[in-house]
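Structural features, examined
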Amino acid sequence: MSLPACTPTTTQPSYPPKPPSLHPHPNNPTFPNPNHKISLTNNTNTHISLKHTSNPIDPAISWTSSIARHCRNGRLAEAAAEFTRMRIAGVEPNHITFVTLLSGCTDFPLENTRFGASIHACARKMGLDTNNVKVGTAIVGMYSKCGQVNLARLIFDEMCVRNSVSWNTMIDGYMRNGEVEDAIALFDEMPKRDAISWTALIGGFVKKGHFDQALEWFREMQLSGVQPDYVTIISVLAACANLGTLGLGLWINRLVSKHEFKDNIRISNSLIDMYSRCGCIEFARQVFEKMPKRSLVSWNSIIVGFAVNGYAEEALKFFNLMQKEGFEPDGVSFTGALTACSHAGLVDEGLEFFNIMRRVNRITPRIEHYGCMVDLYSRAGRLEDALNVIENMPMKPNEVVLGSLLAACRTCGDVGLAERLMKYLVELDPGCDSNYVLLSNIYAAVGRWDGAGKVRKTMKSLGIQKKPGFSSIEVDCSIHEFVAGDKSHVNSDDIYALLELLSFELQICGYVPETIVTETYEHH
C-alpha cells in the first residue's frame, strides 16, 4: 500500500484544550445560576436531559484499556490475543492502542520483535506510522530497543511530523546500539536541542563505558546554556564515579544544591555512590545523613560504600540500622555485609550472614554472593574452603570469582591450586593476559623459573601480550594517565625529577623496592 509523499515537519507536543471556567459569570453558560434550584424529584425534564447527556463509551477505549492492563503486568501474549479479538469484533484500533502495544514490545525486545513488526504493519495500513507522531515515535523506539536501528531510522525519515520526543528517541536508539557517529550527526541536525537531547548523548556514552566523552559532552551542554535535569546529573555522577574525578563530582554537588531537585533521592543516592568510589566515605556519610527521605537504595549505597573502603564496623552498623528503620535487606544489602566481613577477616560472621540471607530472608544467592564467600575464605588463607565453594556453587564461576582465588594462591604460595585454576580461567577467557602474568609471578615467587618461562612461551605462542598497567591522577577536574616509562606528558621532566627525589628520600628511610618478581618476568 503506497502512501502519499509528505514533507517532515517538527512540531511541539500538543496539549489538551483549556477547560471551561468554573467561576460564576453572567456570560458563562457552563456554570449554573446559584439562584436557580433544580429538583430531581419533580422536574421530569431534568431527568430527560441527564439521560441524553450520557454518551456511550467508545468500544476502542474499553478494548485498549484491557490491552493496557495486560501490557502493564508483562503479559504481552494476552495483550496480543486481546488485540486479535478486538479486530475480529470489528473494532478499529486508535493511535493509543498501537502506542500501548508497541510500548509493551519494548519491555521484552528479544522475544517480541516479530509481534512488534506485525503491529507496525497494522499501523502502516492505517497510515498512522507516518502521519501520527506518537505512533511513529513508538515504532522508532520499538525497533531501536530490538536492535534494528536501521529500520528505526527508516521510519523516522518517513514520518511526516516529528517532535522533540521523536528526535530524542532516534538519538537514544543510535547510542543504545553503539552507533555513536550517527547519533552525533543526528544531534547536530536537530532544530532545537533540549535537556533530554543532551542527556540522550551523555547517558549513552556512560552506558557504553565512554566516561571521558560523557564529561566532554556535559561541558558542551554547559556552554550551550541548556540547564541539566536530574537525569543528566545522575549520568554525569556515574561518569565521575567510574573515572574517580572527585573535583568534578564536588562541583556537581554544589551545582545540585542550587537547583530545585537538590533533594531528589536518586541524585542523593548517586552522590553517595560517587563519593564512596572516589574514597571520600565521610562525604558520602554527610549526603546520607542530610537526606530528608531514604530508600533501600540509599541504605545499600552507604553500606557498600563503607564496606569497599574498609570500614567493616560502620558497614555492619548501618546494615543493622537499616532493618531497625523498617527496611528489609535485599541481595545488594547482603553483598555489602559480606564484603565488609571479607575485608575485616570476619569469617564466622560472614558465614552467618550468608545463611541468614538464604534461610531467613529467602534470598537465592547470586554469583556475586558466592564470589564474596570465595573472597572471604581466600583472604583468611582458607583456600580449600574457597575452592569448595566454587565447586559446589549452582552456577558456573566467572573469571572474577576464579581470579580472586588465584590472587590468594600467590599470597599463600600454592602453585598446585593456581595451576588447577588456570585451566578454568583459560576456558573462560583464553586471551586474558593478567591471569598468565599472575601465574608467572606465582612461579617466580617460589623460585620455579621453569614454570615462569613456560607461561611466557605459552603467551608468545598464543599471541598474548602483557598490557601495560597505568596510573591516573586528577588535576583541576582532568584525568592524567601514565604507564611505566611514559614520557609523553607535557610535564614529564618535572614529574620524573620529583619521583627521583621521593625515591631518594624513601631509600634514606630504609625502603627497599620489591622489583624481583617484575624484573624476572620482563628479563628472564
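As the structure is a prediction and not an experimental result, all values here were calculated from the model.

Let's talk about the overall build of the protein chain
A tally of regular secondary structure across the protein chain gives 28 helices and four strands. Burial status across the protein chain gives 41% buried among its 524 residues. Taking the intrachain contacts of the protein chain between residues at least 6 apart in sequence as the baseline, contacts between residues at least 24 apart amount to 58%. Accessible surface, the protein chain: about 30,200 Å² in total, of which carbon and sulfur atoms supply 54%.

A closer look at helix α18 (residues 312–324)
Helix length check: α18 (13 residues) gives 19 Å between terminal C-alpha atoms against 18 Å at 1.5 Å per residue, within 8%. Within the span of α18, buried status applies to A312, E314, A315, L316, F318, F319 and M322. Buried positions along α18 lie against α16 (281–290), α17 (296–308), α19 (331–344) and α20 (347–359).

Things to note about the UniProt feature "transmembrane region" (unreviewed entry) in the protein chain
Those places that UniProt annotates as "transmembrane region" (unreviewed entry) correspond, in this numbering, to residues 230–252. The span residues 230–252 is 91% helix and 0% strand, and its two end C-alpha atoms sit 11 Å from each other.

As for the side chain of T199
Tracing the backbone through its elements, the reader meets T199 in helix α11 (residues 195–207). Of note is the side chain of T199, whose polar atom sits 2.4 Å from the side chain of T232. Setting aside residues up to four positions removed in sequence, T199 forms contacts with G204, D229, V231 and T232.

Here's the deal with the confidence of the model for the protein chain
Overall, the predicted model of the protein chain reaches an average pLDDT of 83, with 85% of residues at or above 70. Note on residues 13–53: pLDDT under 50 across the span, and 14 contacts to partners over four residues away in sequence or across chains. Note that residues 516–524 has pLDDT below 50 and, in this model, 14 contacts with residues that lie over four places away or in other chains.

Notes on unusual backbone geometry
Even without being glycine, R362 reaches a positive phi, approximately 55 degrees. Examined against the element boundaries, R362 turns out to sit in the loop between α20 and α21 (367–379). A residue is classified by how much of its surface remains accessible, and R362, at 70% relative accessible area, is exposed.

Some points on the layout of surface pockets
In this model, the largest pocket occupies a volume close to 410 Å³. Of all elements in the fold, only α7 (133–145), α9 (164–176), α11 and α13 (230–243) reach the threshold of two or more residues within the lining of the largest pocket. With seven residues, α11 is the single largest residue contributor to the lining of the largest pocket. A per-class count over the lining of the largest pocket returns six nonpolar, nine polar and five charged.

Description of the packing of helix α22 (residues 383–392) against helix α23 (residues 399–412)
Where α22 contacts α23, the two axes come as close as 11 Å, and the packing angle between them is 165 degrees. By the angle between their axes, α22 is roughly antiparallel relative to α23. The crossing of α22 and α23 is left-handed. For the pair formed by α22 and α23, the contact residues are L383, A386, L387 and I390 on the first element and V401, L402, L405, A408, C409 and C412 on the second. Within the contact of α22 with α23, the residues separate by chemical class into ten nonpolar, no polar and no charged.

Comments concerning the pattern of salt bridges
In this structure the tally under the stated criterion is 13 salt bridges. For E158, the salt bridge identified is with R124, shortest N-O distance 2.8 Å. Residue E158 is found in helix α8 (residues 149–158), and its partner R124 is found in helix α5 (residues 113–125); the two are separated by 34 residues along the sequence. Judged by relative accessible area, E158 falls into the partly exposed class, the value being 29%. Between D273 and R277 there is a salt bridge; the shortest N-O distance is 3.4 Å. In this pair, D273 and R277 are both assigned in helix α15 (residues 265–277), four residues apart and thus about one turn of the helix distant. Exposure remark for D273: the relative accessible area of 30% places this residue in the partly exposed category. The network of salt bridges with common partners includes R124, D129 and E158.

Here's the deal with the UniProt feature "repeat: PPR" (unreviewed entry) in the protein chain
Annotation from UniProt places "repeat: PPR" (unreviewed entry) at residues 59–93, 163–193, 194–228, 264–294 and 295–329. Helix and strand shares over residues 163–193 are 74% and 0% respectively, and the end C-alpha atoms of the span are 11 Å apart. Strand forms 0% of residues 264–294 and helix 74%; the C-alpha atoms that close the span are 10 Å apart.

Rules and cut-offs
- Residues numbered from 1 in each chain as written.
- Predicted model: local features only at pLDDT ≥ 70, side-chain atom pairs only at ≥ 80, totals over all residues.
- Heavy atoms only, no water.
- Helix = DSSP H or I, 4+ residues; strand = E, 2+ residues; numbered from the N terminus.
- Buried < 20%, exposed > 50% of the residue type's maximum accessible area, 1.4 Å probe, protein only.
- Contact = heavy atoms within 4.5 Å.
- Areas by Shrake-Rupley, 256 points an atom, 1.4 Å probe, with all protein chains shown as cover.
- Expected span 1.5 Å × (residues − 1).
- UniProt positions renumbered as here; feature names shortened; annotations may be inferred.
- Polar contact = N/O pair within 3.5 Å; in protein donor to acceptor, adjacent residues only side chain to side chain.
- pLDDT = per-residue confidence, 0-100.
- 1 Å grid on protein atoms, 1.4 Å probe; cavity = no way out; pocket = protein on both sides within 12 Å on 5 of 7 lines; lining within 4 Å.
- Points joined across faces, edges and corners; volume = space filled by probe spheres on them.
- Nonpolar A, V, L, I, M, F, W, Y, C, P; charged D, E, K, R; others polar.
- Axes fitted to C-alpha atoms, helices over the stretch in contact; angles between N-to-C directions.
- Parallel < 35°, antiparallel > 145°, perpendicular 65-115°, else oblique.
- Left-handed = near helix turned anticlockwise from the far one by under 90°.
- Salt bridge = Lys/Arg side-chain N within 4 Å of Asp/Glu carboxyl O.

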